[in-house]
Number of protein chains: 4
Amino acid sequence: MRPVRLGMVGGGSGAFIGAIHRIAARMDGKYVLEAGALSSDPARAQASAAELGIPRSYDDFSAMARAEAARTDGIEAVAIVTPNHMHAAPAVAFLKAGIHVICDKPLAATPDQAAQIAEAARTSTARFFLTHNYSALPMVREARALVADGVLGELRLVQAEYLQGWLADPAEGKQAEWRTDPARAGAGALGDIGTHAWQLAQFVTGQTPAHLSADLSSMVPGRPVDDNARIALRYASGAKGGLWVSQVAVGQENGLSLRLFGTKAALEWRLQDSERLILTPKDGPAQLLTRAQDRSASFRTPPGHPEGYLEGFANLYTDIAAIIRGDLAHQDRVPGLDAGLSGMAFIAAAQRSSAENGAWVEVGS
Amino acid sequence: MRPVRLGMVGGGSGAFIGAIHRIAARMDGKYVLEAGALSSDPARAQASAAELGIPRSYDDFSAMARAEAARTDGIEAVAIVTPNHMHAAPAVAFLKAGIHVICDKPLAATPDQAAQIAEAARTSTARFFLTHNYSALPMVREARALVADGVLGELRLVQAEYLQGWLADPAEGKQAEWRTDPARAGAGALGDIGTHAWQLAQFVTGQTPAHLSADLSSMVPGRPVDDNARIALRYASGAKGGLWVSQVAVGQENGLSLRLFGTKAALEWRLQDSERLILTPKDGPAQLLTRAQDRSASFRTPPGHPEGYLEGFANLYTDIAAIIRGDLAHQDRVPGLDAGLSGMAFIAAAQRSSAENGAWVEVGS
Amino acid sequence: MRPVRLGMVGGGSGAFIGAIHRIAARMDGKYVLEAGALSSDPARAQASAAELGIPRSYDDFSAMARAEAARTDGIEAVAIVTPNHMHAAPAVAFLKAGIHVICDKPLAATPDQAAQIAEAARTSTARFFLTHNYSALPMVREARALVADGVLGELRLVQAEYLQGWLADPAEGKQAEWRTDPARAGAGALGDIGTHAWQLAQFVTGQTPAHLSADLSSMVPGRPVDDNARIALRYASGAKGGLWVSQVAVGQENGLSLRLFGTKAALEWRLQDSERLILTPKDGPAQLLTRAQDRSASFRTPPGHPEGYLEGFANLYTDIAAIIRGDLAHQDRVPGLDAGLSGMAFIAAAQRSSAENGAWVEVGS
Amino acid sequence: MRPVRLGMVGGGSGAFIGAIHRIAARMDGKYVLEAGALSSDPARAQASAAELGIPRSYDDFSAMARAEAARTDGIEAVAIVTPNHMHAAPAVAFLKAGIHVICDKPLAATPDQAAQIAEAARTSTARFFLTHNYSALPMVREARALVADGVLGELRLVQAEYLQGWLADPAEGKQAEWRTDPARAGAGALGDIGTHAWQLAQFVTGQTPAHLSADLSSMVPGRPVDDNARIALRYASGAKGGLWVSQVAVGQENGLSLRLFGTKAALEWRLQDSERLILTPKDGPAQLLTRAQDRSASFRTPPGHPEGYLEGFANLYTDIAAIIRGDLAHQDRVPGLDAGLSGMAFIAAAQRSSAENGAWVEVGS
């Protein structure tokens, strides 16, 4: 497959989610990042593009949409990784230019902005994608398959939670600042993480609640957006549920979870143990499903190699690249010949000892 | 930093560890893969290189080493991802050519081969790296830092385990075949996973056992290599330890773990819960350390975003690339405009209900 | 301390909670069970008393209250272990007779019955106790002490859950029957387990919610009482909370839990891991508190000996009593001389092998 | 069943294991404790007996054996709860007197003492029981049943561990003192906890290792007994195993565990999670077995009510007895009428709110 030519709006150096999108686009080699409007500050946009080795840098996304659409080798898709209130304008511009849009969540900061995107999508030849990344994890996809297969019977109870503690104090720092500004974020915890919990429950159950009853709070005095939301859900099917999101739940780093109870079985998934699914049939013991039981084929390593496996390898490669370029700061943590020879000495000693019925032998070097 | 020009020996299409190395090299954008001798079968080598978009393909590694060394824009480093018995020859060739070597573990299949690599490394201007990937995980690096800082006091007890169950029956399949062939693998579980456990303990403790007593078994009748090894360890410091590796431990997918007990504290790490470290001071409660406590800065996401986070994002990007290229098989699992609009409807309904003191409201669409 | 003379109302043979109360009263040797009105069926009451070796059996609790109050060696306290609607009448009778009442929860089936008990208690010289047993577990008592000490700072969020699955189908059996009968139970899940969750949160936090918003359901068609309740809580302090109880949460055996988040730390306790408390300070790693950190001294074994430890011992004693009485059915599971001699042979062999630097030795017998 | 008349040797006030045996004997009401030689110090023996309400107290066990055997209502069984070196003499005396012996483990401090017990048992009409209590836990009994049923296939690998940390420093206190005295204990960790691990593995697998290779250590300088033992095991069946016991594993309170791997499935049990068994079939997901799957009927509460449940109840009963006797120190932690009325107010408020479709209502009092 020929790699997709990709552009990016937002995500200048130091940005959190932009860097994540770039790693994701690189991981399977399916994209080449060819253009960017990485910052609303032209100088910063240029510097970031240069640093990242992106060939074409633009001062603003409108110019980028026009110029790229005009090129025969222009970008085919664009990633929008700006704050919520800056999703709609570029999304509309690129959709109008016939360029596919990959947009970070939530859709927008206001219903109006959302409507603009919807209108542009309706009349565009290009497609619109929203990166609700948690629903793309292998065991979440397997959870959805289990529900669809009827393994749970009729769904009765749903509990989705997304608990964080990082905004337990008055916010500080760039990430916190725009997320607690109503103009830029639209909503607080509700938009930032509530939409993840909402989509996760929706994706896995295949159902959308018909009614809800909500209690939004700003637990930190003076905070202009919600930082805790407790929401009761009623489904048309008769199922009932709850959704609890918080950014003042101290000690919780990223406590996203989903619990489902049906007439025949229960299913539980937690982000902090993301490669496991607990399936409990009504009349039997709980089962711990792993990727060995997953059918979505959404992983790159055999069961038991946790997804961090790839990052461990990448850490070595990145340290090695630094060493090759002359930065030896971390060379002591990269295994080399000594580690290899020690491993060989270990094998030889173990074989020698075992051949002598477990005699103690010197390891040698 | 200018990306490092990389070559690869082994790792043709369908290979397991070659694909892992390529993802790792891509993840941080520090490498470009420019040359390969991906298979000992020239036709397969060519086809794999074409499929992977690698510019220069060679029929054999010797030719590759010579040719690349001769180019001004030749590769600067090579990844060797062949079976164990095929590490030494290419490693020697590239080291002699002055090209850095990144070699999969274990070092070699025989002591002789290991000695050849050692000799070549000694006289080369290039460096040799061995990808003991587990020791590059953030919490393993933090474990090492804690030991080095003296948090455990004097080390007394070490227990390293690496348990797998996939070879519990007579081996089948490509991966199993060469791993149970003494000529190609050198040793069985001992070499394949024992060296990982050995290096992990060594890396974290900073000590290498002076003596060992081993009991190697072939639990599967007729298997020509060890598939279970129980090894007692004695350190010069007076510490004692155990190392247990098995490939017949049914139900264990990849049970790598390390437990350390010192005079002041204990430390435990398990691959299946790889982002946590349990530190238990002698007189206090156990502490669950996460990346929030890690000081190695070896990760790409904030604490609580498990390392699979990146893969979830990558799964979306890869599905989206397929959709853009016309393969719609998985389009129903990629969130799009509907998910975005539903999220907006959720936010609006929650705000409306909360404003009405929790009245039940319709979600709308 | 002289043991307390105890009576019991309800709890005839085959009863669940009556047997539990008797074990509890026996465990520390602080009570002697001397009288009972174990059933409303006089014949069954007599037979049960005889079987249990209770000296004085009564046909009804009124007669028992009168007679026992009249004796100089009459009971000092009575345990009431009847269904909810049968708490008030005996409680009133014994309180009026000046006999202490130990009553199973909930207090009563109706507000009227509760008021009768309250009135009787107000005018009695005797005391009234309610067996909310979960709040008497060591780590729950420690949780309460931590909150009282201000370790959590100001309380912000409370989540109490009590999830069971045993009534997921239309109820069958004696336990289920009266619990789903509005006349006898008063409420469904709300009374049976909801009051436990309510009292647990109250006991640990030291606060009672001022307002609540509830959604009660009968998920099993035709069930006349609630089997699922989702309740939002508001405290006068500004804290907010949730309480979720269910008896249709399939696969949940007895999922009682409490999670608290304050301005300085979070605290989590789960019945299924009842001897551990997770305390997470805002800026530090989570700590796993055990009985080694508990200050309530509410346990009989050293830390690490789980509470089941006592039951393991009791299982042996009870099997041994059966053997002594001639019932040999389970003699093969009771360790005896052979186990002892095997242990001695093990010790000797281990000492011999170690003295010979780990030589393999025969274990002997 | 008529309760068994029981005597006790050792276990004076303040003793650890004697108190445990008494609770165990009381729990199911199958014993009455009628005689004791609770201490080798006659005054202490008398005082302890009085304190515990034991009718007949003896100055020494020989006198007790003679006198009790001579009574028609003498004890039928005796519990021996003295240090290891004081097991043999009383065991022999009571066996000769025809009184059943319930002896704490290990059998004795020396092989000679063990032989004396064996000889006495061989010629006695009475039986000898050894309280390896862990093997009497419900899930351990179920583990044994699963192995016996062939669920694991042929056993290949066994790993038993018993790790404690309480002797990591030079020993202090009564419990530590005799356990580290070779004359009284016979062996160190090996005898104290090693025999538990040995018997546990033996009980569950139904096999006894034929050969072993041991490495005993005294990690604490100057300690005259072993405090760490690493032992390799070989079974006649071809299975191999390991047994690791330590009393210097800091942070481990009571880490007893057993892991078994067969040709068809693996089984894991840990004391710290004693009511769960992890069964992993070779080709399926791991299953979490609980008492709902247990067939030994060795428990007193329904599944999900952890065994500590009984102790929670007992804590209330014991606090209540103290209150009745005038000690009000802990009355604030015993739920009473207020808790009951609060629970009723909760039920009423929840029903009212739910009837009004979740309106916020005041809880009332």
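Remember, predicted model here, so these are calculated numbers, not experimental data. (Residues numbered from 1 in each chain as written. Chains lettered and ligands numbered in written order. Predicted model: local features only at pLDDT ≥ 70, side-chain atom pairs only at ≥ 80, totals over all residues. Heavy atoms only, no water.)

Visitor: Quick question: what am I supposed to make of the relation of the copies chain A and chain B here?
Guide: Two chain copies, one operation linking them: a rotation about an axis together with a shift along it. It takes a turn of 180° to lay chain A on chain B, together with a shift of 0.0 Å along the axis; the resulting RMSD is 0.0 Å. Classification of the inter-copy transformation places it as that of a two-fold axis. (Least-squares fit on C-alpha atoms with pLDDT ≥ 70 in both.)

Visitor: Sorry if this is basic, but what is going on with the interface of chain D and chain C here?
Guide: Frequently, the measure chosen for interface size is the accessible area that the parts lose on association. Between chain D and chain C, the contact holds 133 residues from the first and 133 residues from the second. Summing both partners gives a buried area of about 11,500 Å² for chain D against chain C, and 65% of it is carried by carbon and sulfur. When the buried area of chain D at its contact with chain C is split by residue, Tyr317(D), Phe346(D) and Trp360(D) rank highest and sum to 8% of it. Our count for the chain D to chain C interface comes out at 8 salt bridges. Salt-bridge contacts for Glu311(D) lead to Arg300(C); the nearest nitrogen and oxygen are separated by 2.9 Å. Taken together, the connections running from chain D to chain C amount to 57 residue pairs in polar contact (both at pLDDT 80 or more). Sort the elements by how many residues they give to the side of chain D that touches chain C and helix α10 (residues 308-324) of chain D lands first, with 17 residues. Considering only residue class, the side of chain D that touches chain C consists of 74 nonpolar, 39 polar and 20 charged. The pairing of strand β15 (residues 361-362) of chain C with strand β8 (residues 211-217) of chain D spans 2 bridges and is antiparallel. What sits directly across from Val361(C), in β8(D), is Leu212(D). (Contact = heavy atoms within 4.5 Å. Buried area = accessible area lost by both parts, 1.4 Å probe. Salt bridge = Lys/Arg side-chain N within 4 Å of Asp/Glu carboxyl O. Polar contact = N/O pair within 3.5 Å; in protein donor to acceptor, adjacent residues only side chain to side chain. Helix = DSSP H or I, 4+ residues; strand = E, 2+ residues; numbered from the N terminus. Nonpolar A, V, L, I, M, F, W, Y, C, P; charged D, E, K, R; others polar. Pairing = 2+ DSSP bridges.)

Visitor: What's the story with the sheet that holds strand β1 (residues 4-9) of chain D in this structure? I'm lost.
Guide: Strand pairing within a sheet occurs via backbone hydrogen bonds; the two strands may be parallel or antiparallel. Ordered in space as β3-β2-β1-β4-β5-β6 (chain D), the 6 strands form an open sheet in which the pairing is parallel. The sheet is open, and its two borders are formed by β3 (56-57) and β6 (128-130) of chain D, each paired with just one other strand. By the bridge criterion, 6 bridges tie β1(D) to strand β2 (residues 31-37) of chain D in an arrangement that is parallel. Residue pairing across strands places Val4(D) opposite Tyr31(D), the latter belonging to β2(D). Relative to the sheet, helix α10 (residues 308-324) of chain C contacts β1, β2, β4 (77-80), β5 (100-103) and β6 of chain D, its axis offset from that of β2(D) by approximately 95°. On top of the sheet, helix α1 (residues 16-27) of chain D reaches β1, β2 and β4 of chain D; it is set at about 175° to β1(D), its chief contact. (Axes fitted to C-alpha atoms, helices over the stretch in contact; angles between N-to-C directions.)

Visitor: Could you clarify how one ought to interpret the nonpolar core in this entry?
Guide: Most often, soluble globular proteins have nonpolar side chains that are buried together. The biggest cluster of nonpolar side chains holds 190 residues, and the ones touching the most others in it are Phe94(C), Phe128(C), Leu212(C), Ile231(C), Leu212(D) and Ile231(D). Beyond its immediate sequence surroundings of up to four residues, Leu212(C) is in contact with Trp198(C), Ile231(C), Ala232(C), Leu233(C), Phe346(D), Ala349(D), Ala350(D), Ser353(D), Ala359(D), Trp360(D), Val361(D) and Val363(D). One finds Ala24(A), Ile231(A), Phe129(B) and Leu190(B) within the second-largest nonpolar core, a separate group that totals 160 residues. (Core = buried A, V, L, I, M, F, W, Y, C linked by side-chain atoms within 4.5 Å. Buried < 20%, exposed > 50% of the residue type's maximum accessible area, 1.4 Å probe, protein only.)

Visitor: What should I look at first to understand the pattern of salt bridges in this one?
Guide: Think of it this way: side chains of opposite charge can pair up when their charged atoms draw near. Tallied over the entire structure, the rule returns 92 salt bridges over all chains. The partner of Arg71(A) in a salt bridge is Asp73(A), with the nearest N and O atoms 2.8 Å apart. Overall, the relative accessible area of 35% leaves Arg71(A) in the partly exposed class. Through salt bridges with shared partners, a single network forms among Glu161(A), Arg259(A), Glu161(C) and Arg259(C).

Visitor: What is the right way to look at the side chain of Asp192(A) in this model?
Guide: Residues and elements named next belong to chain A. If you trace the backbone, aspartate 192 turns up in helix α9 (residues 189-205). Accessibility expressed as a relative area gives 9% for aspartate 192, which makes it buried. When sequence neighbours within four positions are dropped, the list of residues in contact with aspartate 192 reads Lys105, Trp166, Arg179 and Gln247.

Visitor: Explanation requested: the pairing of strand β5 (residues 100-103) of chain B in the structure shown.
Guide: Regular strands place their side chains on alternate faces of the sheet. All names here are of chain B. Covered by surrounding structure in β5 are His100 and Ile102 together with Val101 and Cys103, the residues of both alternating faces. Sheet analysis places strand β4 (residues 77-80) next to β5, joined by 4 bridges and oriented parallel. Each bridged residue has a counterpart across the sheet, and for alanine 79 the counterpart in β5 is isoleucine 102. Once you follow β4 into helix α4 (residues 88-96) and on to β5, the crossover reads as right-handed. Where β5 meets strand β6 (residues 128-130), 3 bridges bridge the pair, whose relative direction is parallel. (Right-handed = clockwise from strand over helix to strand, strands pointing away.)

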